[in-house]
Amino acid sequence: MQGLSVDFSNLKNFVSDEEFSLMEEKIKTAHKMLQEKSGDGRDMLGWLDIPSNRNEEELNKIKEAALKIQKQCDVFVVIGIGGSYLGAKAMIDIFTNNFSNMLSLSERKFPQIIFAGNNMSGKYLRNLVEFLEDKDIAINVISKSGKTLEPAITFRVLKILMEQKYGIAGAAERIYVTTDQSNGLLHDIAKKNDYETFIIPDNVGGRYSVLTPVGLLPMAVANINIEDILDGAQFASHLFNEEKIEYNDCYKYAVYRNILYNKGKEIEILASYDPCFKYFIEWFKQLFGESEGKNGKGIYPSGALFTTDLHSMGQMIQEGKRNVFETVINVQLDRSFIELPKTEDNLDELNYLSGKSIEYINKQAFNGTLEAHVQGGVPNIIINLDDLNEYNIGQLIFFFEKACAVSGYILGVNPFNQPGVEAYKKNMMNLLNNDKE
């Protein structure tokens with residue numbers, strides 16, 4: 001069931017058929033590199049097979065742990081940074097109430113979920129500890145090595161808090177670890193303390209890990225249907241494995257964004273007209289930013305939430321430097337069921353909209369903005385989802401993951417490493433180690 005389609009019609013004034021045809025050999029090469037696992041980063045392609053080769057025993061373990069977590073805590077804290085939290089946060093924001101953490105447990109039907117360990121702000125950590133002191137808590141700490149400083153610091157602080165509240169054995173019952181199968185500091189800590197452990201596959205990097213226990217456990221705690229997400233991703237893995245570019249919208253997207261990049265469109269804005277996609281956009285930014293930003297190359301991934309950001313960045317997009325293009329996620333089915341009521345006095349002069357759904361009005365904002373931006377010199381790609389459900393979002397996740405891999409190969413970089421990330425860490429650790437002296 002295909003719930004995702006891509007509209008490239010608004011590129012016709014920006015990309016010629018000849019320019020597109022010249023890229024077909026590059027796409028064939030990139031496809032072959034993925035199929036035969038012959039390109040750079042070939043040892044990090046496990047994400048390609050996850051949807052089809054899912055481990056049912058592991059899925060059952062995740063669902064059982066999620067039920068246990070729901071029963072044992074008021075607040076579930078997910079500790080991780082980058083790919084260790086962005087995917088799960090994105091899914092939870094999309095599929096839960098916008099005000100979920102403000103609802104009562106009976107209304108929400110799962111614990112409050114808080115994401116921590118993604119910064120080193122002392123104020124944030126102090127506020128978190130103060131908030132958790134009188135709550136029943138469980139935590140899921142996520143890190144392949146256990147050495148990443150932000151989650152490691154947060155885990156140490158919360159581990160001490162939990163051992164003070166529940167004792168060492170009691171805390172161990174409430175600590176869940178997602179890490180490497182056999183190596184690393186976090187693996188050793190989990191083994192020593194007999195924490196329940198979930199495995200990050202060796203051949204899956206952090207930004208491609210949302211469909212592993214990294215993302216699936218927090219999603220399951222939030223009552224998200226993880227099997228539907230995997231089913232959607234599995235369908236997409238077949239749909240977007242067609243070598244012939246005319247039948248593969250994923251490959252078309254990768255080609256078009258590289259053509260636009262070569263024509264000076266160096267910034268991509270991923271936009272949505274629903275604020276629930278805020279952290280999906282953040283996930284997208286990490287996926288493409290870490291994958292493509294190398295060797296002095298790369299499309300800069302940015303994001304916007306419309307119509308909100310039209311009142312801040314709209315002027316820049318419309319009339320600023322012509323170095324941007326937009327990719328817009330458009331959900332077609334309206335499930336809000338809220339219409340603008342009519343008033344007798346019509347003091348706000350909105351009665352001309354009475355009886356129309358708010359989502360209908362939002363769609364007209366989308367259509368009007370699309371026309372304005374294209375006319376203003378901003379190419380637009382529209383990704384249509386026929387409905388906002390787990391199956392379709394599973395397709396969208398895989399669509400972007402594979403497009404990112406192919407786009408990186410077209411660009412001539414290894415989409416699966418991130419050597420530049422280590423530069424700041426090295427400098428930071430040198431400074432911290434100098435404090436010992």
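Residues numbered from 1 in each chain as written. Predicted model: local features only at pLDDT ≥ 70, side-chain atom pairs only at ≥ 80, totals over all residues. Heavy atoms only, no water.

Trainee: Quick question: what am I supposed to make of the pattern of salt bridges here?
Mentor: Taken as a whole and assessed by the stated rule, the structure comprises 16 salt bridges. Here K28 and E25 are joined by a salt bridge, their closest N and O atoms 3.7 Å apart. Taken as a pair, K28 and E25 lie in helix α2 (residues 24-35) at a separation of three residues, close to a single helical turn. A residue is classified by how much of its surface remains accessible, and K28, at 37% relative accessible area, is partly exposed. In this structure, E282 and K285 form a salt bridge, with 3.1 Å as the shortest nitrogen-oxygen distance. Separated by three residues within a single helix, E282 and K285 lie in helix α12 (residues 278-292), roughly one turn from each other. We classify K285 as partly exposed; its relative accessible area is 28%. (Salt bridge = Lys/Arg side-chain N within 4 Å of Asp/Glu carboxyl O. Helix = DSSP H or I, 4+ residues; strand = E, 2+ residues; numbered from the N terminus. Buried < 20%, exposed > 50% of the residue type's maximum accessible area, 1.4 Å probe, protein only.)

Trainee: What is the right way to look at the layout of surface pockets in this model?
Mentor: Taking a probe equal in size to a water molecule and rolling it over the atoms shows the remaining empty space. If you add up the space inside the largest pocket, you get close to 1,300 Å³. S143, S145, K147, T148 and K425 are, among the 43 residues lining the largest pocket, the residues nearest its centre. Sort the elements by how many residues they give to the lining of the largest pocket and helix α7 (residues 149-172) lands first, with nine residues. Of the residues that constitute the lining of the largest pocket, the class distribution is 21 nonpolar, 12 polar and 10 charged. What lines the second largest pocket is a set of 28 residues, among which D274, C276, S336, E359 and L388 lie closest to the centre. Listing elements by their share of the lining of the second largest pocket, those giving two or more residues are α4 (86-95), β9 (324-331) and α14 (358-375). The biggest single contributor to the lining of the second largest pocket is α14, with five residues. Partitioning the lining of the second largest pocket into residue classes produces 14 nonpolar, seven polar and seven charged. (1 Å grid on protein atoms, 1.4 Å probe; cavity = no way out; pocket = protein on both sides within 12 Å on 5 of 7 lines; lining within 4 Å. Points joined across faces, edges and corners; volume = space filled by probe spheres on them. Nonpolar A, V, L, I, M, F, W, Y, C, P; charged D, E, K, R; others polar.)

Trainee: I tried to follow the packing of helix α3 (residues 56-72) against helix α10 (residues 226-239) on my own but got confused; where do I start?
Mentor: α10 packs onto α3 with a crossing angle of 145 degrees between their chain directions and a minimal axis gap of 11 Å. From α3, E56, L59, I62 and K63 reach across to α10, where they touch I226, E227 and L230. Across the contact of α3 with α10, the residue classes break down as four nonpolar, no polar and three charged. (Axes fitted to C-alpha atoms, helices over the stretch in contact; angles between N-to-C directions. Contact = heavy atoms within 4.5 Å.)

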